[in-house]
Amino acid sequence: METIKVKDKEFEISIDANTIDAAIQKMAVEINHDYEGKHPLFLAVLNGSFVFAADLIRKITIPCKISFVKLSSYSGTASTENVKELIGLSEDIRGRHVIIVEDIVDTGLTLDKFLQDLEKLLPASVKLACFTFKKEAFKKSFRIDYLGITIPNEFIVGYGLDYDGYGRNLPDIYKIVKS
Ligand code: IMP
């Protein structure tokens with residue numbers, strides 16, 4: 001199979017852009033149905049989710065808002081236990097129906113902490129829309145309400161996801177080639 005190089009590692013195609021688009025369309029149909037009349041606030045978790053958030057929001061047909069927050073806990077290709085704080089939440093989410101938009105859940109440590117921080121701000125409801133999920137790596141118990149694609153426990157890049165900052169621009173998702 002053809003491989004590409006991102007920084008110093010080889011990757012091969014895992015999920016193509018058409019499959020990504022179809023999965024997001026399904027998620028959007030469900031959200032449009034569930035949030036009719038609720039004026040949800042999408043909270044996209046930067047950096048990785050910017051591509052997914054841009055695609056998802058353009059398939060949302062009900063009135064909604066979107067805002068961006070940042071929390072990062074990752075360097076290289078292994079998730080660290082060092083979970084960082086939520087920064088950059090400028091919206092008042094009290095009484096709002098919040099949908100968190102995330103590109104990937106791996107161990108779940110990052111979002112678990114984020115969900116706890118968010119609950120303290122008294123939103124009316126919080127649901128999670130996540131594009132990819134490494135089920136075998138998941139260590140927590142929170143629910144992913146809208147899920148794109150379950151993936152094996154392999155490092156991936158593309159579609160907003162990076163390897164050391166590189167690869168976010170790739171329209172398809174690639175998995176690492178084990179050497
Ligand atoms: P978690 O706390 O282990 O769920 O990791 C969450 C964060 O790790 C994600 O938001 C990503 O930034 C990053 N991450 C986890 N797996 C991958 C991967 O396969 N490729 C790129 N980034 C990843």
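Just above, that's the structure.
Rules used throughout
- Residues numbered from 1 in each chain as written.
- Predicted model: local features only at pLDDT ≥ 70, side-chain atom pairs only at ≥ 80, totals over all residues.
- Heavy atoms only, no water.
- Helix = DSSP H or I, 4+ residues; strand = E, 2+ residues; numbered from the N terminus.
- Rg over C-alpha atoms; globule rule 2.2 N^0.38 Å.
- Pairing = 2+ DSSP bridges.
- Near = heavy atom within 4 Å.
- Polar contact = N/O pair within 3.5 Å; in protein donor to acceptor, adjacent residues only side chain to side chain.
- Areas by Shrake-Rupley, 256 points an atom, 1.4 Å probe, with all protein chains shown as cover.
- Buried < 20%, exposed > 50% of the residue type's maximum accessible area, 1.4 Å probe, protein only.
- Phe/Tyr/Trp six-rings, centres within 6.5 Å; stacked < 30°, edge-to-face > 60°.
- Lys NZ or Arg CZ within 6 Å of the ring centre and 35° of its normal.
- Core = buried A, V, L, I, M, F, W, Y, C linked by side-chain atoms within 4.5 Å.
- Contact = heavy atoms within 4.5 Å.
- Axes fitted to C-alpha atoms, helices over the stretch in contact; angles between N-to-C directions.
- Parallel < 35°, antiparallel > 145°, perpendicular 65-115°, else oblique.
- Left-handed = near helix turned anticlockwise from the far one by under 90°.
- Nonpolar A, V, L, I, M, F, W, Y, C, P; charged D, E, K, R; others polar.

Peer 1: I'm lost on the overall build of the protein chain in this one. Help?
Peer 2: Helix and strand counts for the protein chain stand at three helices and 11 strands. Helices (α) and strands (β) of the protein chain occur, in sequence order from the N terminus, as β-β-α-β-α-β-β-β-β-α-β-β-β-β. Against the 2.2 N^0.38 benchmark of 16 Å for 179 residues, the protein chain shows a C-alpha radius of gyration of 16 Å, consistent with a compact globule. Viewed in the frame of its principal axes, the protein chain has a C-alpha envelope of about 50 × 35 × 25 Å.

Peer 1: What should I look at first to understand the pairing of strand S2 (residues 9–15) in this one?
Peer 2: Side-chain positions along a regular strand alternate between the two faces of the sheet. Sheet topology note: the strand S1 (residues 3–6)/S2 ladder contains four bridges and is antiparallel. In the sheet register, Ile 4 faces S2, and the bridge partner there is Phe 11. Taking the residues that link successive antiparallel strands as the turn, the S1-S2 hairpin has two residues, and the phi of Lys 7 there is positive, at about 55°. In terms of strand pairing, S2 meets strand S11 (residues 173–176) through four bridges, oriented antiparallel. Within S11, the residue paired with Ile 15 across the bridge is Ile 173.

Peer 1: Whenever I open this one, the site of the ligand confuses me. Can you help?
Peer 2: Lining the immediate environment of the ligand, one finds 17 residues, of which Thr 107, Gly 108, Thr 110, Lys 134 and Ile 156 sit closest. Note that an oxygen atom of the ligand is positioned 2.9 Å from one of the backbone N or O atoms of Asp 106. Burial of the ligand by the protein chains amounts to 92% of its free accessible area of 490 Å². Put simply, the parts of the chain that give the shell around the ligand at least two residues each are strand S7 (97–105) and helix H3 (109–119).

Peer 1: What's the story with the side chain of Thr 107 in this structure? I'm lost.
Peer 2: Within the element layout of this structure, Thr 107 appears in the loop between S7 and H3. Among the residues examined, Thr 107 registers a relative accessible area of 9% and is labelled buried. Looking at Thr 107, its side chain comes within polar contact range of the main-chain nitrogen of Leu 109, at 3.2 Å.

Peer 1: Could you clarify how one ought to interpret the packing of aromatic side chains in this entry?
Peer 2: To describe a pair of aromatic rings, one takes the distance between the centres and the angle between the planes. The final tally for this structure, using the stated rule, is seven aromatic pairs. On the numbers, 6.4 Å between centres and 50° between planes, the contact of Phe 11 with Phe 155 is tilted. On the criterion of sequence distance, the pair formed by Phe 11 in strand S2 and Phe 155 in the loop between strand S9 (146–151) and strand S10 (156–157) is long-range, its members being 144 residues apart. Classification of Phe 11 by relative accessible area gives buried; the value is 0%. Among the aromatic residues, those joined into a cluster by ring pairs are Phe 11, Phe 155 and Tyr 163. It is Lys 38 that lies over the ring of Tyr 35; its NZ or CZ is 5.6 Å from the centre.

Peer 1: What am I meant to see in the nonpolar core here?
Peer 2: Most often, soluble globular proteins have nonpolar side chains that are buried together. Ile 31, Phe 52, Leu 56, Phe 131 and Tyr 159 are the most contacted members of the largest nonpolar core, which has 28 residues in total. The set of elements that each furnish at least two residues to this core consists of helix H1 (17–34), strand S3 (41–46), helix H2 (50–57), S7, strand S8 (125–134) and S9. Per-element tally for this core: the top contributor is H1, with six residues. Sequence-distant contacts of Leu 56, that is, excluding residues within four places in its chain, are made with Ile 24, Met 27, Ala 28, Ile 31, Phe 42, Val 101 and Ala 129.

Peer 1: For this particular structure, what's the right way to read the packing of H1 against H2?
Peer 2: Angle between the axes and distance between the axes are the two parameters that describe a pair of packed helices. Contact geometry of H1 with H2 gives a least axis separation of 9 Å together with a crossing angle of 55°. Classified by the interaxial angle, the pair formed by H1 and H2 is oblique. Classified by chirality, the crossing of H2 by H1 is right-handed. Here H1 contributes Ile 24, Met 27, Ala 28 and Ile 31 to the contact with H2, which in turn contributes Phe 52, Asp 55 and Leu 56. A breakdown of the residues in the contact of H1 with H2 according to their chemical character gives six nonpolar, no polar and one charged.

These figures capture arrangement, not role.
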